[in-house]
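An overview of the molecular structure
These are the residues of each chain, in order.
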Amino acid sequence: MEVPAIINNLNLSNGDLDPLDTPPTMSIDKLFPALLECFGIILCGYIAGRANIITSTQAKGLGNFVSKFALPALLFKNMVLLDFGNVIWPFLWSILIAKVSVFFIVCVITLLVASPDTRFSKAGLFSIFATQSNDFALGYPIVEALYKNTHPEYLQYIYLVAPVSLMLLNPIGFAFCEIQKWRDQRARQQSKLQIVGVVILQVLKNPMVFMVVIGIIFHFILDQKIPAFMEQFVDGLANSFGGAALFYLGLSMVGQLGKLTRSTVVALILLITAKLLVMPLICRETVELLDADNTSFSLEHSSLSNYAFLYGVFPSAPSVAIYAAHYNMELQVVTSGMVISTFLSAPIMYVSAWLLTIPWMDPKPLMDSLQNVSFNASIISLVALAWTVTVMFLSKKFKRLPHMFTVNLFLAQILACVSMIMWNFVVRQDCFIGHVLTFTLLYGSLYSTYVWPGLIALSLVLMKRGGELKVAPGFLVIAGWGVPALVAAVLLVTGERMPDTIDSAFFYGRPQIICTSVVLAFSIVLGGCSLVGLRRGTWDSMYHVLERDSMLGTIEDLRLPTGPDIRDMFEPAGTGSINIGPCETGCESPGCLLAQEEQQVADRQVARHVLLCLLLIVSLLANLSSCLWWLFSRVPGRLYLELQFFCAVVNYGQGFISFGLFGLDKHLIILPFKKKISCLWHRRKPEEQPQLVISDDIMMTCTQFIRYHKEQCVRDIVQQKRCGERTVADTFLGSELVEWLLQVGLSQDRGEALLYGIRLQQGGVLQHITQEYGFKDDNLHYCFTA
């Protein structure tokens, strides 16, 4: 069969993958049963926790058994029986360097981006999260299913790699957490030497670290054999680990995703990207570099690099959540990230293993499949983008900044989708001019979608003070369209068209890959630096805090009437009589200054733009990894196909992200839809009148707050703010109430404080100034009812 030249360049021909007579390096037959076993036990644990069959206290007991008895016994057994003679040490050093690299990257970025108040705890725990894998409970069964028959020696690497995190990297993370505790202490009684001593003591007290050291010592004393009198005892404890650890993992997942807040989403995206994208790629590349001398065993070398990639995909270990709970730091982010990474890793591992076990691949169907994926994603994404752009124009947001630049991004995405649909038909015809014109439109618009995320992030930085752009918007618009057009023109002039290819990503071969890499790197650096600058700048704490120029005075000491019937406090919001300010009775005036202030900040939608830029930068990172993989790998191999398919989806499926963030305008779609549904519902049941039903828990919370805390809360956070030309209102921000609840100890974390505020609003103790919003940990104005 004649193989197209472009396929040979991609190293996807059957000669470059694996010869037909070469036995597969792994077996997938037992992978699906292994995944079903692991995630089935996890699901059972989750059901047991959700149904309260096993309480949280009982779950902690099971967690203590797993971490302090079963896992140490398993480590001791395998350290004693380990055969160091079969260890390929360059592979082990490669994984060590990869873990240290990811740890260092996450730590440095966190220290640069995070708030000074919590940067050290986040740096320590996030770095541990990105590098400590669930090697034994989830990783070992999968490796056993894949490699037991072909490379049984690979199983022992699990026990050699795990101590890298336990004894080398985790202590550094613990040191950062101890520094954070020391900084949080006002007296700061501990010295720096004491902090070092505490960290060393914690590491030595860790049963897993202790048993690894003891196991290595007894490995040489006992000559790789456990004495018969203790063999059954050690086996019993060690064998109990697998099922118990997976069951405990399911228990620990209960209720974690419900604690997600907007401020944790950004950290979660970055952490999961580091764990499931950056970590596997760095593991594979370090093995490729350090084991490059192993040319006489090219098949073994390829198998080790693929194994390193699979190892990097293993999700984070539950012990990271235990560390976060021990220090009472970043528990929401760590636990939520553990849940999400666990379930995202399963399809990645399965697809990767499936690609690696195919004995032969015909390149032509692969390229056709890649083209079909791009074509189908473009069609669906085009519909989502058409809806999103229509919403932006109907809401008139396209006239404001930064939405003006966002609309340009959407238009570039639309052109990319339309061009890909055209390419699907044109490329199969023998028309050189049609090929060139369609390619020019396709890659001019696709490069534009690469550049705009960086420019939007830059515009947010330039607007962060005063809300005015520091440069003319036209300059950014010209850059967003001109730079991609210039790159595409240079490629057309200097590039050489590859014959017999239908893949637009390699239409001009190596020069096109280099141009794409340059554009991607430019946008990633620009967007990343802009987001770091935005985070460290003055968007007034997490991009949302309102300017307080409308404040007229200091906090007023409001004296509430004493002795009212507590039942009067639980009337529906807005029925009470307020003496000061029209906003406190549910202002509906379009001239309300506070409502206008909220609307102006809401109209900027800074958080949504930050999230849009962040998600698109992650997709750019995947594209850059694909380009660099092709440029620097001698044999990209099958895993490269997985990355190619992922890049095709994110390139032509960007419309899904745009629709999710900007396609459902609140005032144009969501609120009218809710009102319509409400009208239809009440029309069907006109005889039913909505009644306010207050549970005993809400009544108890409100009663205690009014009697013991409300007066002090009014003194601390309520401020007089102008809401009209001659009127003022006594209001506070939702985020201020959350901070106050944390300071006085009524709540332990922001999630709990949010629930407390929601109960106060449900009980009629507080309300939004226009009664348009429920209680949120945000910069919305609220007031207490009488």
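Parameters and conventions
- Residues numbered from 1 in each chain as written.
- Predicted model: local features only at pLDDT ≥ 70, side-chain atom pairs only at ≥ 80, totals over all residues.
- Heavy atoms only, no water.
- Axes fitted to C-alpha atoms, helices over the stretch in contact; angles between N-to-C directions.
- Helix = DSSP H or I, 4+ residues; strand = E, 2+ residues; numbered from the N terminus.
- Parallel < 35°, antiparallel > 145°, perpendicular 65-115°, else oblique.
- Contact = heavy atoms within 4.5 Å.
- Nonpolar A, V, L, I, M, F, W, Y, C, P; charged D, E, K, R; others polar.
- Core = buried A, V, L, I, M, F, W, Y, C linked by side-chain atoms within 4.5 Å.
- Buried < 20%, exposed > 50% of the residue type's maximum accessible area, 1.4 Å probe, protein only.
- Patch = residues over 30% accessible without salt bridge, like charges linked within 9 Å, V, L, I, M, F, W, Y side chains within 5 Å.
- Areas by Shrake-Rupley, 256 points an atom, 1.4 Å probe, with all protein chains shown as cover.
- Salt bridge = Lys/Arg side-chain N within 4 Å of Asp/Glu carboxyl O.
- Phe/Tyr/Trp six-rings, centres within 6.5 Å; stacked < 30°, edge-to-face > 60°.
- Pairing = 2+ DSSP bridges.
- Expected span 1.5 Å × (residues − 1).
- Bend = angle between axes of the 7 residues up to and from the residue.

**Thoughts on the packing of helix α7 (residues 135–147) against helix α12 (residues 241–252)**
Close contact between α7 and α12 brings their axes to 9 Å; oriented N to C, the two are set at 120°. Classified by the interaxial angle, the pair formed by α7 and α12 is oblique. Mapping the contact onto sequence places F136, A137 and L138 in α7 and F241, A245 and L246 in α12. Class assignment of the residues belonging to the contact of α7 with α12 gives a composition of six nonpolar, no polar and no charged.

**Topic: the nonpolar core**
Among the nonpolar cores identified, the biggest contains 154 residues, and F91, F136, I158, F241, Y307 and Y447 are the most heavily contacted of them. With 16 residues, the top contributor of residues to this core is helix α23 (residues 606–632). Leave out the neighbours within four places in its chain, and I158 touches D135, F136, Y140, V143, Y307, Y311 and F314.

**Quick word on the side chain of S735**
With respect to the element layout, S735 can be found in helix α29 (residues 734–744). With relative accessibility at 14%, the residue S735 sits in the buried group. Apart from the residues within four sequence positions on either side, S735 is in contact with R750, K776, D777, D778 and N779.

**Remarks on a nonpolar patch on the surface**
Judged by side-chain polarity, F32, L36, Y350, V351 and W354 come together as a nonpolar surface patch covering roughly 510 Å² of accessible area. Of all the secondary-structure elements, those providing two or more residues to the nonpolar patch are α3 (31–50) and α16 (331–357). Of the residues forming the nonpolar patch, the biggest block, three residues, is contributed by α16. Along the chain, Y350 falls in helix α16.

**Remarks on the packing of aromatic side chains**
The description of two aromatic rings rests on the distance between their centres and on the angle between their planes. One pass over the full model with this rule turns up 31 aromatic pairs. For the pair Y140 and Y159, a centre-to-centre distance of 5.6 Å together with 55° between the ring planes defines the contact as tilted. Of this pair, Y140 sits in helix α7 while Y159 sits in helix α8 (residues 155–184), placing them 19 residues apart in sequence. Using a relative accessible area of 4% as the deciding quantity, one classes Y159 as buried. Among the aromatic residues, those joined into a cluster by ring pairs are F705, F732, W740, Y756, F775, Y782 and F784.

**Some remarks on the pairing of strand β5 (residues 781–784)**
The alternating pattern of β5 places H781 and C783 and Y782 and F784 on opposite faces, both of which are buried. Taken together, the three bridges between strand β4 (residues 766–768) and β5 define a ladder with antiparallel strand orientation. Opposite H768, over in β5, you have Y782 as the bridge partner.

**With respect to unusual backbone geometry**
Of all residues except glycine, most have a negative phi; of all peptide bonds, most are trans. Going from L401 to P402, the amide bond is cis rather than trans, its omega being 5°. If you trace the backbone, P402 turns up in the loop between α17 (363–394) and α18 (403–426). For Q224, which is not glycine, the phi dihedral falls at a positive 60°. Within the secondary structure, Q224 sits in the loop between α10 (207–221) and α11 (228–239). On the basis of relative accessibility, which here comes to 34%, the residue Q224 falls in the partly exposed class.

**What about the environment of C44?**
Mapping C44 onto the fold places it in helix α3. Since its relative accessible area comes to 45%, C44 is described here as partly exposed. Taking the C-alpha atoms as reference points, C44 and L246, separated by 202 residues in sequence, lie 9.2 Å from one another.

**Considerations on α8**
The terminal C-alpha atoms of α8 lie 43 Å apart, and with 30 residues this matches the ideal 44 Å at 1.5 Å per residue to within 8%. At L169, α8 is deflected by roughly 40°, the largest bend along its length, and proline P171 occurs up to four residues later in sequence.

**Things to note about the pattern of salt bridges**
A pair can form between side chains of opposite charge whenever their charged atoms are brought close. If you walk through the whole model with that rule in mind, you get five salt bridges. A salt bridge links D235 to K77; the nearest nitrogen and oxygen atoms lie 3.1 Å apart. One end of the pair, D235, is in helix α11; the other, K77, is in helix α4 (residues 56–81), with 158 residues separating them in the sequence. Judged by its relative accessible area of 17%, D235 is buried. Between E711 and R715 there is a salt bridge; the shortest N-O distance is 2.9 Å. Of this pair, E711 and R715 both sit in helix α28 (residues 710–717), separated by four residues, roughly a single helical turn.

Everything listed here is a matter of coordinates, which is why it stays silent on function.
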